[in-house]
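Spelled out from the first residue to the last, the chains are:
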Amino acid sequence: MAATETLAFQAETKELLRLVTHSLYTESDIFLRELISNASDALDRLRFESLTDGEILEGDDRFEIRLDINKDDRTLTISDTGIGMNREEVVANIGTIAKSGTGELRKRVQEKGSAADVADLIGQFGVGFYSAFMVADKVKLVTRRAGSTEAVEWESEGSGTYSIRDAEKSARGTSITLYLRPADPDAGIEDFTDDWRISSIIRKHSDFIAYPIIIRKEKKEEGKESTWEDTTLNSMKPIWKRSPSEVKTEEYAEFYKHISHDWNEPLRTVHFRAEGAFEYEALLYIPSKAPWDLYYVGAEMGLRLFARRVMIMEKCEDLLPHYLRFVRGVVDASDLPLNISRQRLQQDHHISRIRKRLTTKILDTLKELHEKEEDKYLTAWKEFGRAIKEGVSSDYDNRDRIVPLLLFESSNDPEKMTSVKDYVTRMKPDQEQILYMTGESRSMMENSPHIEAVKAKGYEVLFMTDPVDELVLQHLPEFEGKKLKSVGKGEIKLGTEEEKEQAEKELKSKEEEYKPLTEFLQKKLEDYVKQVRLSSRLTTSPACLVVEEHDYSPMFERALKRGTGSGPARKRVMELNPGHPLVERMKQRQAASSDDPMLNNAAEVLLGLSLLAEGSELPDTARFNRAAMEMLGQVV
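(A) Seen up close, the layout of surface pockets. If you add up the space inside the second largest pocket, you get close to 840 Å³. Lining the second largest pocket are 34 residues, with Ala 503, Leu 507, Leu 534, Ser 535 and Ser 536 positioned closest to its centre. Listed by contribution, the elements that provide at least two residues to the lining of the second largest pocket are helix H16 (497-524) and strand E21 (529-534). Looking at the lining of the second largest pocket, its residues break down into ten nonpolar, eight polar and 16 charged.

Below is the structure:
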């Protein structure tokens, strides 16, 4: 047998152990549901591998979890006949953990503040195994991977190091022995050598586990010697196989926590059975909190796929479109083969039918929340709105279902978000277009020169601050016959037909008068603008920059530049406010002397102010500062 090797935990794991042992004492029974869930996952993986490799079972087809209590030594052992681990897997899975998960857990602990509030964070960040240290001074793990003859023993007191050595184990699977601390009700630590307490925890949290959870109990009969017999603590009937009327809300919540490792209550549960030529059961959940990696490119999402109660895929991404990747749950199909491959799964027409039905169910559920339970829908939108928006560009068949679900900030209400449908109901009688603006923040857009005339005339503007909104707009040219129009693109005409004609006449009457100035500015700023023209868009600002109707918005250009380091620097149109004193004064000075050096400074300042107003960077900060200082020197 190899010598014992003592290793240090990875720094992030040491931090997790500190958080677990010092911050998460309340509701300490969660350690058991975590270890039971891990054992269940190990059994699922073994069953999955055995579908293609029957020899891995070694002639032992027992799939079970056992609990053994030793009151004298104060130990609790959780054993399974699952897939087990080899030495490398023990070091990788128990000695290390993802850095991002650690940092997020630390952040959430700090946000929650008290131990009473943070106990439900266990399980969300892959720290389920470490919860054992909440109740144990020492933890010992002995494991043997199925198909191997070599066993490994891992041991730690949770103080920063662990030991690992070769061991002997007659059967595959994993046994975890907890050397329990003395019961301390004041600290939230119960007596976990009490088999009644253990039984009640199993019934509460793990009754739905698909494998028998067995404990040996002493049976006493008067006048007879005590005997010991195996007792199964859980019902093992999959919750999705039961009628919705038979399942309590608490049971749904516990199952959700088991499959998602999210200990928040789900926002909505969708449980139904599809009957007919192709039958399946589905139990889906809309979470109340987004997973920390929802928008990570490499994150693995998907529903658990079962065939006749046997899990054939843990994360099946083909059951729902990618924009609904936040949905958790299981699907159990009767007619799928147990050994179906991912490639065959993608081509299976049954899966496409399930996907279509599940997508409709989730979108209808979101619609119901939107119409009947506004607070819950706002919670869902806050967590998953960005993902739902992706569906506008990727799910053409359901676009008409998705668009009414979209919410945006609006000039109509400083606090309440609005849907495009509600916007349409508030449109003015003479209004033909849905007006919107894109930008990094609401405050910047509210004070943008682009919406001065729009606000003055009382028109509502949708404020789109999410970068994904640019993608939405490319696939949403109109809604209910009303075209969407950016107040920062092209020309904008407001009011009745008479008012539009009057505004156009006034501009045309001034074009000849301002022509020398617009030509001067266009030549002076030709590196940055393609045209200079008068506008009725402005009321209080001297100028603004707009893009052509089908060009990228400034926000999208900046996003591309941040993402790639470079982006399409398109020339824009500068619009002037002929009623502004600065523009009027520039016209007068240009008429008096076309060589006036102050006009050059004014042109630089005008361009800089227009760029700053839209959130863009100045092309030459030093030149702008110099021009501004020289102009101020003329005033003082």
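(B) Looking closely at the pairing of strand E6 (residues 161-167). Burial of E6 is extensive: five of the seven residues sit out of reach of the surface. Of the pairings in the sheet, the one linking strand E1 (residues 5-8) to E6 comprises four bridges and is antiparallel in character. Within the sheet, the bridge partner assigned to Thr 6 lies in E6 and is Ser 163. In this sheet, E6 lies alongside strand E5 (residues 151-156) in antiparallel orientation, the contact comprising five bridges. By the bridge assignment for E6, Trp 154 is matched with Ile 164. The turn joining E5 and E6, which pair antiparallel and follow one another in sequence, is formed by four residues; a positive phi near 70 degrees is taken by Gly 158.

(C) Seen up close, the sheet that holds strand E17 (residues 433-438). Strand order in this open sheet of six strands is E16-E15-E18-E17-E20-E19, and the pairing throughout is mixed. Two strands close off the open sheet at either side, each with one partner strand: strand E16 (413-419) and strand E19 (478-479). By the bridge criterion, four bridges tie E17 to strand E20 (residues 482-486) in an arrangement that is parallel. By the bridge assignment for E20, Ile 434 is matched with Leu 484. Sheet contacts for helix H10 (residues 374-394): strand E15 (407-410) and E16; angle to E15, the most-contacted strand, approximately 100 degrees.

(D) Here's a closer look at unusual backbone geometry. We note that Glu 58 has phi near 55 degrees; this positive angle belongs to a residue other than glycine. Structurally, Glu 58 is set in the loop between helix H2 (30-50) and strand E2 (65-70). Phi at Met 236 takes a positive value of approximately 70 degrees, unusual for a residue other than glycine. With respect to the secondary-structure elements, Met 236 resides in the loop between strand E9 (227-232) and helix H7 (249-260).

(E) Quick peek at the packing of aromatic side chains. For the structure shown, the criterion picks out 13 aromatic pairs. Relative to Phe 255, the ring of Trp 240 lies with its centre 5.8 Å away and its plane at 50 degrees, an arrangement referred to as tilted. With Trp 240 in the loop between E9 and H7 and Phe 255 in helix H7, this pair connects stretches of sequence that are 15 residues apart. For the pair shown, Trp 240 and Phe 255 are each scored as buried.

(F) Expanded view of the packing of H16 against helix H18 (residues 581-592). Where H16 contacts H18, the axes come no closer than 9 Å and their chain directions differ by 90 degrees. Overall, the two elements H16 and H18 adopt an arrangement that is roughly perpendicular. For the pair H16 and H18, the contacting residues are Glu 513, Tyr 514, Pro 516, Leu 517, Phe 520 and Leu 521 in the first and Val 583, Glu 584, Met 586, Lys 587 and Gln 590 in the second. Class assignment for the residues of the contact of H16 with H18 results in seven nonpolar, one polar and three charged.

(G) Inspection of the pairing of strand E7 (residues 173-180) at higher detail. Among the eight residues in E7, seven count as buried, and that is most of the element. Direction of pairing for strand E3 (residues 75-80) relative to E7: antiparallel, over a ladder of six bridges. Looking across to E7, one finds that Thr 75 is bridged to Tyr 179. Relative to E7, strand E4 (residues 136-144) runs antiparallel, the two sharing eight bridges. Following the sheet pairing, Lys 138 is matched in E7 by Tyr 179.

(H) Just H10, in detail. Between the first and last C-alpha of H10 there are merely 26 Å, a value that for 21 residues lags more than 12% behind the 30 Å anticipated at 1.5 Å per step. The axis of H10 is deflected most strongly, by about 75 degrees, at Phe 384. Of all the residues in H10, the buried ones are Tyr 377, Ala 380, Trp 381, Glu 383, Phe 384, Gly 385, Ala 387, Ile 388, Lys 389, Gly 391 and Val 392. Tucked into the core, H10 has its buried residues touching strand E11 (280-286), helix H9 (349-372), helix H11 (399-402), E15, E16 and helix H15 (469-474).

Basis of the calculations
Residues numbered from 1 in each chain as written. Predicted model: local features only at pLDDT ≥ 70, side-chain atom pairs only at ≥ 80, totals over all residues. Heavy atoms only, no water. 1 Å grid on protein atoms, 1.4 Å probe; cavity = no way out; pocket = protein on both sides within 12 Å on 5 of 7 lines; lining within 4 Å. Points joined across faces, edges and corners; volume = space filled by probe spheres on them. Helix = DSSP H or I, 4+ residues; strand = E, 2+ residues; numbered from the N terminus. Nonpolar A, V, L, I, M, F, W, Y, C, P; charged D, E, K, R; others polar. Buried < 20%, exposed > 50% of the residue type's maximum accessible area, 1.4 Å probe, protein only. Pairing = 2+ DSSP bridges. Contact = heavy atoms within 4.5 Å. Axes fitted to C-alpha atoms, helices over the stretch in contact; angles between N-to-C directions. Phe/Tyr/Trp six-rings, centres within 6.5 Å; stacked < 30°, edge-to-face > 60°. Parallel < 35°, antiparallel > 145°, perpendicular 65-115°, else oblique. Expected span 1.5 Å × (residues − 1). Bend = angle between axes of the 7 residues up to and from the residue.

Just geometry here; none of it tells us what the structure is for.
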